[in-house]
Amino acid sequence: MLKKELIVSALIAIAFLIAKFLLPKPIQFSRTVSVIIIILLALLFFFIFILTVKGKYIGRRVVFLLVGIALLLPFFMQFTLPLQISPEVRGAYDGLASLKGGSKVLASFDYDPASAPELQPMAEAFFKYCFDNDIKVIVMGLWPQGAQQANLAVEAAMEETPRYRDEIQYGEDWVNLGFQAGNEFVIVRMGESFKAMFPRDIVKNLPYDSIPVLKNVRNFSNIDYSINFSAGKPGTVEWVQVAVDRYNLNMAAGNTAVQAPMAYPYLKAKQLTGLMGGMSGGAEFEKITGKFGKATTYLLSQSFAHMVVIVLILIGNFAFFRERMRDK
Amino acid sequence: MIFGKSLYCSFIIIACFFTVATAQNEAVATVDSVGQILPQPPGNIIVADHKYDNGGIIDIAWDRSPDDPLGIDGYNIYRACGDGDFEIVAFVLPGGMESYSFIDDKVERGESYRYKISVISSGGESFSESSVSVRGDWEFFDLDKLNILILGIIVCGSVIGFIFTARAGRKLFIRKISGLEALEEAVGRATEMGRPILFIPGILDMDDVQTLAAITILARVSRIVADYDSKIEMPVSRSLVMTTARETIKNSYLAAGRPDAYYDDMVHYVTDEQFGYVAAVNGIMVRDKPATCLYLGAFFAESLILAETGNYIGAIQIAGTARPGQLPFFVAACDYTLIGEELFAASAYLSGDPKQLGSLKGQDVGKFVAMAAMIIGTLAVTVVSAWQFKFFGWLSDLMYSMFSTN
Amino acid sequence: MGFWEQFGIWLAALFTIGIISFLYKDNVLYKACEAIFVGVSAGYWFVVYYWDMLYKKFYQQVTDPVNPEWYPWLGVILGVLMLTRLSNKIGWLSRWPLAFVVGATAGLYMMVYFVSNAIVQIQGTIVPLAEGTAGDIIANILVAAGTFCGLIYFFFSKEHRGAFGGAAKIGIWFLMITFGASFGYTVMSRMSLMIGRIDFLFGRWLELIP
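Residues numbered from 1 in each chain as written. Chains lettered and ligands numbered in written order. Predicted model: local features only at pLDDT ≥ 70, side-chain atom pairs only at ≥ 80, totals over all residues.

### Details of the overall build of chain B
Link 1 in the chain: In terms of regular secondary structure, chain B is built from eleven helices and 16 strands.
Link 2 in the chain: Over its C-alpha trace chain B gives a radius of gyration of 36 Å, far above what one expects of a compact globule, namely 22 Å for 406 residues.
Link 3 in the chain: Taken along its principal axes, the extent of the C-alpha atoms in chain B is 125 × 55 × 40 Å.
Link 4 in the chain: A total of 406 residues make up chain B; the buried ones form 42% of that total.
Link 5 in the chain: Nonlocal contacts in chain B, meaning residues at least 24 apart in sequence, comprise 68% of its contacts between residues at least 6 apart. (Helix = DSSP H or I, 4+ residues; strand = E, 2+ residues; numbered from the N terminus. Rg over C-alpha atoms; globule rule 2.2 N^0.38 Å. Buried ≥ 20, exposed ≤ 12 C-beta atoms within 10 Å, placed from the backbone. Contact = placed C-beta atoms within 7 Å.)

### Some remarks on the interface of chain C and chain B
Link 1 in the chain: Between chain C and chain B, the residue contacts involve 46 residues of the former and 49 residues of the latter.
Link 2 in the chain: Listing elements by their share of the side of chain C that touches chain B, those giving two or more residues are α2 (28-62), α4 (95-125), α5 (134-153) and α6 (162-205) of chain C.
Link 3 in the chain: The element contributing the most residues to the side of chain C that touches chain B is α4(C), with twelve residues.
Link 4 in the chain: In the side of chain C that touches chain B, the residues fall into 28 nonpolar, eleven polar and seven charged. (Nonpolar A, V, L, I, M, F, W, Y, C, P; charged D, E, K, R; others polar.)

### Focus: unusual backbone geometry
Most peptide bonds take the trans form, and the phi angle of most residues other than glycine is negative.
Link 1 in the chain: In this model, A:Lys233 is joined to A:Pro234 through a cis peptide bond whose omega is -5°.
Link 2 in the chain: By secondary structure assignment, the location of A:Pro234 is in the loop between β4 (225-230) and α10 (236-247).
Link 3 in the chain: If you check the backbone angles, A:Asn248 has positive phi at about 55° while not being a glycine.
Link 4 in the chain: Considering the arrangement of structural elements, one finds A:Asn248 in the loop between α10 and β5 (251-255).
Link 5 in the chain: Backbone geometry at B:Asp229 places phi at a positive 60°, although glycine is not the residue there.

### Examining the domain arrangement of chain B
All names here are of chain B.
Link 1 in the chain: Here chain B is described as being made up of domain 1 (30-135), domain 2 (145-163 + 357-402) and domain 3 (172-352).
Link 2 in the chain: The C-alpha centroid of domain 3 is placed 37 Å from the C-alpha centroid of domain 2.
Link 3 in the chain: At the interface, four residues of domain 2 touch six residues of domain 3.
Link 4 in the chain: Partitioned by chemical class, the residues of the side of domain 2 that touches domain 3 number three nonpolar, no polar and one charged. (Domains from an automatic or database assignment.)

### A short note on the sheet that holds strand β12 (residues 232-236) of chain B
All names here are of chain B.
Link 1 in the chain: Here we have six strands laid out as an open sheet, ordered β13-β12-β11-β14-β15-β16, and parallel in their pairing. In this open sheet, the two edge strands, each paired with only one partner strand, are β13 (267-269) and β16 (336-339). Across this sheet, the average inter-strand angle for adjacent strands is 15°, counted without regard to direction.
Link 2 in the chain: Pairing between strand β14 (residues 292-298) and strand β15 (residues 316-321): five bridges, direction parallel. Bridging from a neighbouring strand, Tyr 295 pairs with Ala 319 of β15. (Pairing = 2+ DSSP bridges. Axes fitted to C-alpha atoms, helices over the stretch in contact; angles between N-to-C directions.)

### Brief notes about the nonpolar core
Link 1 in the chain: With 198 residues, the main nonpolar core has A:Ala107, A:Val139, B:Leu294 and B:Tyr295 as its most contacted residues.
Link 2 in the chain: Here this core takes twelve residues from α6(C), the largest share from any one element.
Link 3 in the chain: B:Val47, B:Ile60, B:Tyr113 and B:Tyr115 belong to the second-largest nonpolar core, a separate cluster that totals 15 residues. (Core = buried A, V, L, I, M, F, W, Y, C linked by C-beta atoms within 7 Å.)

### Focus on the domain arrangement of chain A
Link 1 in the chain: Per the domain assignment, the segments making up chain A are domain 1 (26-79 + 298-327) and domain 2 (87-292).
Link 2 in the chain: Centre-to-centre separation of domain 1 of chain A and domain 2 of chain A, based on C-alpha positions: 38 Å.

### A word on the packing of helix α4 (residues 209-228) of chain B against helix α5 (residues 239-255) of chain B
Residues and elements named next belong to chain B.
Link 1 in the chain: At a closest axis distance of 8 Å, the pairing of α4 and α5 adopts a crossing angle of 35°. Helix-helix and strand crossings are classified by hand; for α4 and α5 the assignment is right-handed. Across the interface between the two elements, Thr 211, Ile 215, Leu 218, Ala 219, Ser 222, Arg 223 and Ala 226 from α4 touch Val 241, Thr 244, Ala 245, Thr 248, Ile 249, Ser 252, Tyr 253 and Ala 255 from α5.
Link 2 in the chain: By residue class, the composition of the contact of α4 with α5 is nine nonpolar, five polar and one charged. (Left-handed = near helix turned anticlockwise from the far one by under 90°.)

### Looking at the packing of helix α2 (residues 31-53) of chain A against helix α13 (residues 294-327) of chain A
Helix packing for two helices is described by the angle between their axes and how far apart those axes are.
Residue and element names in this part refer to chain A.
Link 1 in the chain: As a packed pair, α2 and α13 sit with axes 10 Å apart at the nearest point and diverge in direction by 10°. When the axes of α2 and α13 are compared, the pair comes out roughly parallel. When α2 is examined against α13, the residues Phe 45, Ile 48, Phe 49 and Thr 52 are found in contact with a partner set consisting of Val 311, Ile 315, Phe 318 and Ala 319.
Link 2 in the chain: When the residues that make up the contact of α2 with α13 are grouped by side-chain class, the tally is seven nonpolar, one polar and no charged. (Parallel < 35°, antiparallel > 145°, perpendicular 65-115°, else oblique.)

### Topic: helix α10 (residues 354-387) of chain B
A turn of α-helix holds 3.6 residues, and therefore any two residues three or four places apart point the same way.
Link 1 in the chain: If you check α10(B), its first and last C-alpha atoms are 49 Å apart, about what 34 residues at 1.5 Å a residue would give, namely 50 Å.
Link 2 in the chain: B:Gln388 sits one or two residues past α10(B) and shows a positive phi near 55°. (Expected span 1.5 Å × (residues − 1).)

### Some details on the confidence of the model for chain B
All names here are of chain B.
Link 1 in the chain: On average, chain B scores 86 in pLDDT, and the residues at 70 or more come to 91%.
Link 2 in the chain: In this model, residues 11-29 is a region of pLDDT below 50 whose contacts with residues beyond four sequence positions or in other chains number five contacts.
Link 3 in the chain: Prediction confidence for the complex, expressed as pTM and ipTM, is 0.77 and 0.84 respectively. (pLDDT = per-residue confidence, 0-100.)

### Quick word on the sheet that holds strand β4 (residues 58-63) of chain B
Residues and elements named next belong to chain B.
Link 1 in the chain: Read from one edge to the other, the open sheet built from three strands follows the order β3-β4-β7, with strand pairing classed as antiparallel. The open sheet is flanked by β3 (43-49) and β7 (99-104), the only strands paired with a single partner. Shown here is a sheet whose adjacent strand axes are inclined to one another by a mean of 15°, direction ignored.
Link 2 in the chain: As paired elements, β4 and β7 share six bridges and run antiparallel to each other. Pairing of Asp 59 across the sheet is with Ile 103, part of β7.

### Notes on the environment of B:Gln356
All names here are of chain B.
Link 1 in the chain: Assignment of secondary structure puts Gln 356 in helix α10.
Link 2 in the chain: Among the residues examined, Gln 356 registers 22 C-beta atoms within 10 Å and is labelled buried.
Link 3 in the chain: For Gln 356 and Ala 166, which are 190 residues apart along the polypeptide, the C-alpha to C-alpha distance reads 9.4 Å.
Link 4 in the chain: Setting aside anything within four residues of it in sequence, one finds Gln 356 in contact with Ser 347, Ala 348 and Ser 351.

Structure follows, in structure tokens:
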């Protein structure tokens, strides 16, 4: 068994090395090749369905492989899919769009690199929009890596739009107050005083009172709008329960798709002005702000994977009912 | 002649009237010492103590300057404490509104303040009259939230009442919860197969109520394990949970008369990091192959990974969580799932603790109130919108205000 | 790209492949990656807790030259009491800090959850059932019926029999449909995370993605 494992591992390693050093880069399929691949995949699923009808079920590893292929291949294709803006994402955008130049937005980064594929594109689009519209951003985080993710988003925005390096001044246009431990207790204290929780910023270690963008910003009552990027607890739920309901903060949220269903009741009850759920929410936000990025690129892979999952669920259910009828 | 004189006088009177009338609306040119045209000051300064605060907030409102918005840069707000001098405290940009307001939250409780508003333009600064003196007072109760107090008293009062009832020995009825019956069966299965029971109490700390419920159920499960002389394994991701769980299991073994069979390593700390924890638990599941997996507590993204791996190794799985996002995975992959509040009900049911039973019954009172409010409110609002009956309008307003938070 | 950056990318790629290899079967590479991940994450959180809690919230506050605080000492005392857990004789002292943690969070959550998750939601459910477009009417009826029947399902003081049982069954149907929708949303989330990893492996590491 060990020998078989070693052989398989060696083959996989060789495949990756060939891909790294020998294949031409980058790979891009023409439209014709993309269509052929889609047709071949469709035929493959039809074949799997025929096998299922005959009582030969595919194993879990084949399912994993199919999903992996469905996620990978669209990266090399050149399709774009039409995208509708949902009312919840529009609500989040409208809240930002209603702000005048010079307005102050509190952005809370409550996620870690594990959730970056879903939330980082939203964050990057958010920063680009704010930088273009003279909206001042005050960043903080209730997760240790959140504030670092904010720095990465700003860096990515600046790399994509080099003029930001000259136009956007740290301390005047945005500030990163960093992470503070304490979960919802931090939000409670911020309701009285931001300075009590964040005496200094984390980029230049400047005292709170010396940072121009924080002038006259004492607590939530001095903030014009707020946005929360959240992947779990503490996150949007805690912000709504404390900051929105107690201190009447105007807030929109960007959540991972796991979190989003839990935030919908708050959206319905108008405790949130808007909600961006998962990668599709991020893509919609990119579209409505005009700041296209990774979420839009990833959406084709997402859609392919969803179609594969739907087909496999249908085939799986067919197999399930077939077994049931056979047992009867 | 007389007619002509009358007509002439009428013209003069009318002309005077119009001159006075238009003079009220036209900018009256006030010229300063250097010949600049100053803007007209704002008027009608109203100051009041902010309602239901700790005395540190004063509300200021004023009518716009007649020159607003054309040509003015904004309003300065000046404040004087007692008989002291006025000093500037804020600046408000013009917005073309009829009136403006400002909340001054930097006052000291008990001190008296006076305010003046000035308007600034390129021509200079004009000041309003000083306002009356106002003092910031604090109110002990925020009467705007009286409805929350009443509802809170109803629910909390019910909880306390039922706790006392349970303590007095009266039996409180709780309906059967299907996942619970499977617990003993699941432990029995593990004993027969000679494989351990894996208990995962979620990934949050002891401050989360789901973890508390999980630990209560752990007491019951570990008691059955001790009785059956089976094995339990409990990797945890929080140190506080580890210490509490160890104590719980130790007490269960003691109650079962098997203190010698208990050892601390039944409960071991892995890591706080979510996916590090789940990677380790996955490894334990695949290597140790527990016959029964119990997932009770607060879970996040790791729920599907755990449930899928448990399914893969063929373990009987019982899950319970109050996190709605994770319930779908447990429902799909586990044999039994305690949905939401059933986890807390299970904890109360198994422990028989009067506090838990009383809390559950008290919460049922809260649910009853919620259901009644929904029916009455929805019907009232529907009737009002469809047929405009006045009584139902009053009723729907009452329901809205009862469940308002402002 | 510098050597250490390349090295980091290769290491991250190796770990990613090692963890994903679990999908095939448990193997030596997965075990090694799992052990390293667990160890590194434990170490990482130790460092975070030290610098962000012990140092920032205790040491810096008590040794501040301008305005030293005394109350962080309370936290330290409670934390030390927690360590008495290790002793059989005085282990009972650890119940006090535990009681403090549970009590403090219960005090915060009590009203917060009651207001945000109960009162505001009840108000949001009081909606007219005969106003607006056909879609609005159907949506409002579903919201009202679903919430009501869901509450009935979670009513523990009465057995689910008769009409009550029927309403509870409708409630569980609503719950299951919601779970299905939530499951779909979460599948999207998992796919998104995998897309991120694929972008890293085939984009940043192998440089095959344009």
